[in-house]
Amino acid sequence: MSVPPHLRLFDPDADHVSCGAQTLPAATLKHSAFYCAPDDYVGFDEPGTLQRPYDRIGDYAAAIELASGWSEAAQDRASSTLAGTERERQRDCLSGAFTGAVYIGDVNDSSGKPVSLSPGDLDEAISEFIASGRSQPGASFERVSSFRNGFLGGIKACDFAV
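Cut-offs applied
- Residues numbered from 1 in each chain as written.
- Predicted model: local features only at pLDDT ≥ 70, side-chain atom pairs only at ≥ 80, totals over all residues.
- Heavy atoms only, no water.
- Helix = DSSP H or I, 4+ residues; strand = E, 2+ residues; numbered from the N terminus.
- Buried < 20%, exposed > 50% of the residue type's maximum accessible area, 1.4 Å probe, protein only.
- Polar contact = N/O pair within 3.5 Å; in protein donor to acceptor, adjacent residues only side chain to side chain.
- Contact = heavy atoms within 4.5 Å.
- Core = buried A, V, L, I, M, F, W, Y, C linked by side-chain atoms within 4.5 Å.
- Axes fitted to C-alpha atoms, helices over the stretch in contact; angles between N-to-C directions.
- Parallel < 35°, antiparallel > 145°, perpendicular 65-115°, else oblique.
- Left-handed = near helix turned anticlockwise from the far one by under 90°.
- Nonpolar A, V, L, I, M, F, W, Y, C, P; charged D, E, K, R; others polar.

Enquirer: Summarise the side chain of Thr99; cite the residues concerned and give the values.
Expert: Residue position: Thr99 is located in helix 4 (residues 84-103). The exposure class of Thr99 is buried, given its relative accessible area of 0%. Here the side chain of Thr99 touches Tyr60 through a polar contact of 2.9 Å, side chain to side chain. Among the polar contacts listed, one links the side chain of Thr99 to the backbone oxygen of Ser95, at a separation of 2.9 Å. Contact partners of Thr99, with chain neighbours within four places excluded, come to Tyr60, Ile64, Leu117, Leu122, Phe147 and Phe151.

Here it is in structure tokens:
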């Protein structure tokens with residue numbers, strides 16, 4: 001089993017963020033989450049990408065944003081050739097597969113205890129997909145559908161090679 005990527009939280013207004021030898025412009029980092037392959041980390045604009053959905057919707061809305069970043073890392077490590085909307089929908093599906101695994105008790109914390117969903121977590125996930133849907137018509141519903149496919153069908157429903 002490979003080591004998971006590191007998590008890096010940043011504030012684009014205060015932190016200098018680099019990926020490999022490149023310094024990333026602060027303006028492009030606002031409200032973003034991304035995977036940096038050269039340095040093997042998942043980066044998040046903590047106040048924009050995590051704190052904002054947490055405050056607006058709840059803890060699992062922020063968790064969905066985290067899951068999307070980890071899903072991007074998984075896609076990169078699996079050498080996925082998907083791009084654009086197809087790549088985004090697969091990330092949503094993988095986020096659903098993770099949430100489904102939590103729901104059935106297949107995910108443990110660092111002490112080995114099962115992680116569980118709280119009442120309302122699935123509602124928060126769906127609300128985040130709707131709130132963060134791209135400006136394209138129907139994008140929010142496509143995101144929810146992909147998440148649902150992963151939740152019900154697991155990673156195999158995501159057409160993801162492991």
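And the narrative resumes.
Enquirer: Let's hear about the nonpolar core: which residues, and what values?
Expert: Residues Phe10, Val17, Cys19, Leu24, Leu29, Phe34, Cys36 and Tyr41 constitute the largest nonpolar core, which totals eight residues. At the level of secondary structure, the elements contributing two or more residues to this core comprise strand 2 (17-19) and strand 4 (33-36).

Enquirer: Account for the environment of Pro114, with residues named and values stated.
Expert: Topologically, Pro114 is positioned in the loop between helix 4 and helix 5 (121-131). For the pair formed by Pro114 and Ile104, sequence separation is ten residues and the distance between their alpha carbons is 9.5 Å. Each residue touching Pro114, except ones within four places of it in the same chain, is listed here: Val107 and Asn108.

Enquirer: For the packing of helix 4 against helix 6 (residues 139-153), give the residues involved together with the corresponding values.
Expert: Close contact between helix 4 and helix 6 brings their axes to 6 Å; oriented N to C, the two are set at 45 degrees. In terms of orientation, helix 4 and helix 6 fall into the oblique class. Note on packing geometry: the crossing formed by helix 4 with helix 6 is right-handed. Contacts between helix 4 and helix 6 involve Thr85, Arg89, Asp92, Cys93, Ser95, Gly96, Ala97, Thr99, Gly100 and Tyr103 on the former and, on the latter, Glu142, Arg143, Ser146, Phe147, Asn149, Gly150 and Phe151. Here the contact of helix 4 with helix 6 is composed, by residue class, of five nonpolar, eight polar and four charged.

Enquirer: Break down unusual backbone geometry for me, with residues and values.
Expert: In this model, Asp40 sits at a positive phi of 50 degrees, which is unusual for a non-glycine residue. Take Asp40: it is sitting in the loop between strand 4 and strand 5 (41-45). Note on Asp40: relative accessible area 21%, which makes it partly exposed. Unusually for a residue other than glycine, Ser79 sits at a positive phi of about 55 degrees. Tracing the chain through its elements places Ser79 in the loop between helix 3 (59-77) and helix 4.

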